[in-house]
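Residue-level structure breakdown
Each chain is listed here by its residues.
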Amino acid sequence: MEETSLQKDSVERPAATPTRREVYEAEVRRRSNRIALISVVSVALAIVVLVPLAPGWEAVQRSFFNGRVFVETFPGLLEAFLMNVMIFAWSAPLIAITGLVIALCRDTRAPALFPLRLFGIAYTDIFRGLPVVLVIYIIGFGVPGLGLPRPWNSPYIWGTLALVLVYSAYVAEVIRSGIDSIHQSQRSAAASLGLSDQDTMRYVVLPQAIRNVVPANMNLFIALQKDVALLSFIGPVEIFRQAGVYKSLYANFTPYVGAALIFLALTIPATRYADYLMNKQNRART
Amino acid sequence: MTAKLSLRGVRKRFDYHEVCKGIDLDVAEGEMVCLIGASGSGKSTLLRCMNLLEPIDDGEIWLDGKDISEPGLDPQPVRQQIGIVFQSYNLFPHMTAVENVMLAPRRVRGLSRDDLRPRVTQLFTRFGLGDRMEHYPDQLSGGQQQRVAIIRALAMEPQIMLFDEITSALDPELVGEVLDVLRDLRKQGMTMVLATHEMGFARELADKVCFLDAGRILEQGPPKVLFSQPREKRTKAFLSRVL
Ligand SMILES: Nc1ncnc2c1ncn2[C@@H]1O[C@H](COP(=O)(O)OP(=O)(O)OP(=O)(O)O)[C@@H](O)[C@H]1O
Ligand SMILES: [Mg+2]
């Protein structure tokens with residue numbers, strides 16, 4: 001299916017009269033769309049009609065979907081979300097770089113560099129084996145406890161560092177799987193031209209590997225964007241903590257719903273885009 | 001040592017499977033040697049041993065009177081002198097044709113793009129690809145990709161070229177354009193070793209044809225002799241199957 005539609009673009013043919021097959025396919029498409037629409041509408045109707053019949057609905061509506069609270073807290077939430085964006089913005093590049101370095105460490109073969117390799121293995125094993133919250137607690141509370149001078153005692157810095165440590169372990173694994181996916185014949189070709197191992201990695205293997213794992217890494221960074229909220233446990237007033245403040249202030253849960261909407265506004269398009277890239281790559285490969 | 005490249009008693013095993021069982025072969029300067037034989041007889045492995053992509057287990061390989069098979073020897077300088085082209089092209093898909101060709105001369109020999117440009121352009125033009133230099137491999141036909149792979153190997157200015165069934169993956173109508181490249185190289189006096197299933201081509205151009213059978217060179221000689229009066233029964237059987 002995909003292939004024929006791809007080829008269709010490249011074949012030049014007057015677009016005037018659709019073929020018999022195209023007419024048939026258009027009809028099938030219209031019918032599927034009709035059925036899908038009807039079933040979505042009936043499910044939505046069922047929810048809208050049935051849920052309000054539940055005994056606790058009024059109370060839930062008051063405490064989670066309060067219009068006035070929503071309007072009053074939303075701007076404050078957005079502002080707090082800037083903190084999430086900032087933490088994300090400076091941790092993401094650090095994670096990408098650290099992840100790459102760890103992946104390369106794990107791939108070293110020279111005996112003199114064996115300690116590096118060991119370090120890479122230990123690093124990925126440890127940080128993938130721990131819950132993120134735990135690392136944030138240990139580093140975010142532990143290091144400032146050493147009594148460092150300002151600004152080095154800020155849980156903001158060390159909490160973010162905890163995120164960097166954990167996520168770069170995952171990114172390293174993804175990059176390593178990308179390196180493994182490059183066929184041996186590419187290395188043979190490079191070696192036969194007299195390229196050194198380092199040049200082969202840098203110019204032949206890595207560029208292809210990184211390209212292959214862009215979608216997988218995007219999914220990791222979407223997860224990171226959500227996990228920034230975990231820093232609220234150790235101090236920085238980001239959106240989740242701000243929502244908590246509003247909740248106490250208004251004695252109402254609506255701010256959490258507002259926060260959820262803000263997250264979704266960002267993560268859903270990003271997830272869709274990552275899926276699109278992934279599909280495109282799978283298609284290109286077959 | 002008169003031969004450019006000499007193999008003496010070369011043995012190569014993968015696990016318990018011995019693929020080369022003592023190969024002796026001499027390739028003289030400017031000579032074209034064709035390796036023929038059934039699938040699995042060890043042609044590819046032998047070629048990969050010649051430019052040290054596979055370490056050999058026993059025997060010696062001499063290049064210009066120097067033993068290059070010594071364990072622990074740095075293989076890189078040798079590989080610069082012995083180029084190889086594979087059946088599956090193995091171009092780097094993320095680089096344009098011209099970047100594929102320039103990568104090794106730039107990194108290994110330290111030449112700049114500007115140094116290389118005239119010579120590389122000339123190679124592309126010579127092999128009919130002057131207008132394809134900026135294309136990516138997936139924008140080229142199989143025959144064009146294979147010619148780029150040949151240019152890529154030639155750009156290192158090797159003294160010997162190895163070709164491993166370089167027309168086997170091509171559609172029949174594209175085989176000719178790649179064989180023409182080999183004819184051209186032959187005329188220039190390039191020393192070449194080919195594993196090939198193109199018997200007509202081997203007969204036309206080879207100085208020497210070697211019949212490989214289960215890891216041994218069973219019979220070798222000028223194509224006229226080997227193709228018309230093979231001595232060994234197995235050579236006869238193989239030739240009657242492919243001719
Ligand atoms: N890396 C490897 N590991 C294990 N066995 C191998 C390896 N490479 C080749 N072999 C084995 O060595 C034998 C010879 O393979 P080789 O590719 O050299 O044959 P060939 O003559 O080139 O065959 P073809 O005409 O099919 O290309 C085969 O049985 C193959 O399975
Ligand atoms: Mg082969």
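Residues numbered from 1 in each chain as written. Chains lettered and ligands numbered in written order. Predicted model: local features only at pLDDT ≥ 70, side-chain atom pairs only at ≥ 80, totals over all residues. Heavy atoms only, no water.

All names here are of chain A. Scored by pLDDT, chain A has a mean of 88; 94% of the residues are at 70 or more. Mean pLDDT per element in chain A: helix 1 (residues 2–10) is the minimum at 45, and helix 8 (residues 184–192) is the maximum at 95. Between residues 1–10, whose pLDDT stays under 50, and residues either more than four places distant or in other chains, the model counts four contacts. (pLDDT = per-residue confidence, 0-100. Helix = DSSP H or I, 4+ residues; strand = E, 2+ residues; numbered from the N terminus. Contact = heavy atoms within 4.5 Å.)

With that out of the way, let us pick up the UniProt feature "transmembrane region" (unreviewed entry) in chain A. Residue and element names in this part refer to chain A. The UniProt feature table records "transmembrane region" (unreviewed entry) at residues 35–57, 77–105, 126–144, 156–175 and 249–270. Here residues 35–57 is 74% helix and 0% strand, with 31 Å between the C-alpha atoms at its ends. Across residues 126–144, the secondary structure splits into 74% helix and 0% strand, with the terminal C-alpha atoms separated by 22 Å. (UniProt positions renumbered as here; feature names shortened; annotations may be inferred.)

The next subject is the UniProt feature "domain: ABC transporter" (unreviewed entry) in chain B. Feature annotation in UniProt places "domain: ABC transporter" (unreviewed entry) on residues 5–239 of chain B, given in this structure's numbering. Here residues 5–239 of chain B is 39% helix and 26% strand, with 27 Å between the C-alpha atoms at its ends.

All names here are of chain B. In spatial order, the strands read 2-1-4-5; together these four strands make up an open sheet with antiparallel pairing. The open sheet has two edge strands, strand 2 (17–27) and strand 5 (66–67), and neither has a second partner. One ladder, built from two bridges, connects strand 4 (residues 58–63) with strand 5; its direction is antiparallel. Considered in strand 5, the bridge of Leu 63 is made with Lys 66. Across the sheet, helix 1 (residues 43–50) is in contact with strand 1 (5–14), strand 2 and strand 4; its angle to strand 1 comes to roughly 120°. (Pairing = 2+ DSSP bridges. Axes fitted to C-alpha atoms, helices over the stretch in contact; angles between N-to-C directions.)

Turning our attention to the site of ligand 1. Residues and elements named next belong to chain B. Neighbouring ligand 1 are 13 residues, the closest being Ser 39, Gly 40, Lys 43, Ser 44 and Thr 45. Between ligand 1 and the protein, one listed contact pairs an oxygen atom with a backbone N or O atom of Gly 42 at 3.0 Å. Starting from 630 Å² of accessible surface for ligand 1 in isolation, the protein chains cover 61%. Put simply, the parts of the chain that give the shell around ligand 1 at least two residues each are strand 2 and helix 1. Among the elements that line the shell around ligand 1, the one with the most residues is helix 1, at three residues. (Near = heavy atom within 4 Å. Polar contact = N/O pair within 3.5 Å; in protein donor to acceptor, adjacent residues only side chain to side chain. Areas by Shrake-Rupley, 256 points an atom, 1.4 Å probe, with all protein chains shown as cover.)

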